[in-house]
Amino acid sequence: MSATVQAYRFALDPTPAQFAAMSRHAGAARFAFNWGLSRVKAAVEQRAAEASYGVPEAERTPVPWTMPTLRREWNRAKGDVAPWWSECSKEAYSAGLDRLARGLKAFSDSRTGRRKGRRVGFPRFKKRGRARDGFRYTTGAYGPAGDRHVTLPRVGRVKVHEPMTALTARLADGRARLLGATVSRTAGCWYVSFTVEVERPVPAGPSRRQRRGDAVGVDLGVKHLAVLSTGEMVDNPKHLAASLRKLRRVSRAYARSKRGSAGRRQRAARLAKIHARVANQRRDGLHKLTTRLATSHDVIVIEDLNVAGMVRNRRLARAVSDTGMAEVRRQLTYKTTWYGSRLVVADRWYPSSRTCSACGWRNPSLTLSDRTFVCKDCGLSMDRDLNASYNLRALTGAGVAGYPDVPVTSNARGADRKTHLGGQVAVKREPGTATAGQTGTLAPRGTTAEQVSANAH
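First things first, this report covers the structure right here in the doc. (Residues numbered from 1 in each chain as written. Predicted model: local features only at pLDDT ≥ 70, side-chain atom pairs only at ≥ 80, totals over all residues. Heavy atoms only, no water.)

## As for the overall build of the chain
What the chain contains, in helices and strands, is 13 helices and 15 strands. Here the chain holds 457 residues, and the buried ones make up 42% of them. For the chain, the proportion of contacts with a sequence separation of at least 24, taken over those separated by at least 6, is 65%. (Helix = DSSP H or I, 4+ residues; strand = E, 2+ residues; numbered from the N terminus. Buried < 20%, exposed > 50% of the residue type's maximum accessible area, 1.4 Å probe, protein only. Contact = heavy atoms within 4.5 Å.)

Take a look at the structure:
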């Protein structure tokens, strides 16, 4: 058994009084965030002024930058700045301050190079109606109250839309432990998400079904959501494109409505519901795909795609965003661990689409408009995505093109390091640069490893 942290999310069905109470708690969290941010900015400006006056650094005004300091400042000032603070749970104010502390830490870590990725800006004030409503419980008597209700301090016993048996059964027999509960609103609906430490059995190895499915290469794309080396092509449902006409009509109506009017609020709610439905449809489809892959194959090979760079192309941004390619990798990362399979991530610069899966010849002039890969060396002609999936599968040593025992290199960027999201990384290689027994040029179909080794010498 191994302890893993995961979330269980349920839709709430509150009464009007409970709906108003949760809205007050979300407003309290937002108020605490804005109050703390104004306090931080005032302290930073005061320190700058003191520096200009020549005050020594040790004697300058301290900045409440961390959660403990922000909480101490809030407890001293809450009676004056928020005399109504007792109407909401103290956890709501702590949630706002914690969110601010995390934002400040991300900003400082990004400035000093301790945080990877694009630079993080300084936290900004949250406005009602624009920021997402939400708050969090980490202490108190919160949690499931049976299979159909949850207990939220100062809100009450709230009904949920679906049974919570998957969570309550684990809590009842000691296989799970609550760490926190986040209550948030999306498109006018309230949800509760329980952060749970779950004891999950560690698979001894791949199951019989996974061994029967063998390794599979998965090429993600826009025309097809996924092309598998088994020959299966998973259609891209294009949920956003299917709702685009309705989105345009509602968006135009929203833009023409008067600011602050009841009609504008109604149209904003309608617009949010459409976006939420598209997101839910996309999430459901991706979960079904990744679960099927993780439970049906012992090794899954995908590419390390530069999705952030792909969406910078204004012609492809909408189509790429509609597929959720990064979400596929994120889900496969933890689901392969759950179900005993293995995830291999090919290097970002590995030429899977430009390399012939039969002989290893590479076509450097292949463009996105070329949907069929034609090899000028061996004459192979097939769908470019299917060819790429064959090349990805070959990185596991499964022997798609005559390599029965090719080892997988676990390093793509040096120093035997795993990627940020986990999983092995197959190294980039150029066709014709590797000998037999290494990840290199793929041999023609039907060629044995001994023949490849003899030809190399």
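## Things to note about the sheet that holds strand β3 (residues 143–144)
One open sheet holds the seven strands; their spatial order is β2-β6-β7-β1-β5-β4-β3, and the pairing between them is antiparallel. A single partner strand is all that each edge strand has here, and the edge strands are β2 (134–137) and β3. Bridging between β3 and strand β4 (residues 149–152) involves two bridges; their strand directions are antiparallel. Paired with G143 across the strands is T151, a residue of β4. (Pairing = 2+ DSSP bridges.)

## Concerning the nonpolar core
Membership of the largest hydrophobic core comes to 44 residues, with the highest contact counts inside it found for L12, F135, V150, L152, V183 and F194. Counting residues per element, this core draws most heavily on helix α1 (residues 16–52), at 10 residues. Once residues lying within four places of it in the same chain are set aside, the contact partners of L152 are L12, M22, Y137, V158 and V183. Judged by nonpolar contacts, the second largest core, of 19 residues, contains L293, I300, V307 and V345. (Core = buried A, V, L, I, M, F, W, Y, C linked by side-chain atoms within 4.5 Å.)

## Considering helix α3 (residues 90–112)
Helix length check: α3 (23 residues) gives 33 Å between terminal C-alpha atoms against 33 Å at 1.5 Å per residue, within 8%. Positive phi shows up at G113, right after α3, with a value of about 85°. (Expected span 1.5 Å × (residues − 1).)

## Structural notes on the pairing of strand β9 (residues 224–228)
With five of five residues buried, β9 is to be regarded as a mostly interior element. Examined bridge by bridge, strand β8 (residues 215–220) and β9 share three bridges and lie antiparallel to one another. The partner of D219 across the bridge, within β9, is V227. Strand direction decides the pairing type here: β9 and strand β10 (residues 233–235), joined by three bridges, are antiparallel. Residue V227 lies in a different strand from β10, and its bridge partner there is M233. Connecting β9 to the next strand, β10, in antiparallel fashion are four residues, including G231 with a positive phi near 100°.

## Topic: the packing of aromatic side chains
Summed over the entire model, instances satisfying the criterion amount to 14 aromatic pairs. Geometrically, the ring pair formed by W35 and W74 is edge-to-face, given 5.5 Å between the ring centres and 75° between the ring planes. In this pair, W35 is assigned in helix α1 and W74 in helix α2 (residues 67–81), connecting sequence segments 39 residues apart. There is no split in this pair, since W35 and W74 are both buried. Pairwise contacts between aromatic rings join F19, F135, Y137, Y142 and W190 into one cluster. Between the NZ or CZ atom of R9 and the centre of the ring of Y191, over which it lies, the distance is 3.9 Å. In this arrangement the basic side chain of K126 is found over the ring face of F33, its NZ or CZ atom lying 4.7 Å from the centre. (Phe/Tyr/Trp six-rings, centres within 6.5 Å; stacked < 30°, edge-to-face > 60°. Lys NZ or Arg CZ within 6 Å of the ring centre and 35° of its normal.)

## Quick look at a positive patch on the surface
Among the surface-exposed residues, R245, K246, R248, R249, R252, R256, R270, K273, R277 and R318 lie close enough to one another that they form a single positively charged patch. Those elements giving two or more residues to the positive patch turn out to be α7 (244–256) and α8 (262–296). A total of six residues in the positive patch trace back to one element, the largest contributor, which is α7. Residue class for R252 comes out partly exposed when judged on its relative accessible area of 44%. (Patch = residues over 30% accessible without salt bridge, like charges linked within 9 Å, V, L, I, M, F, W, Y side chains within 5 Å. Areas by Shrake-Rupley, 256 points an atom, 1.4 Å probe, with all protein chains shown as cover. Salt bridge = Lys/Arg side-chain N within 4 Å of Asp/Glu carboxyl O. Lys, Arg positive; Asp, Glu negative; His and termini not counted. Charge placed at Lys NZ, Arg CZ, Asp CG, Glu CD.)

So far we have only geometry, and geometry alone does not tell us how the molecule works.
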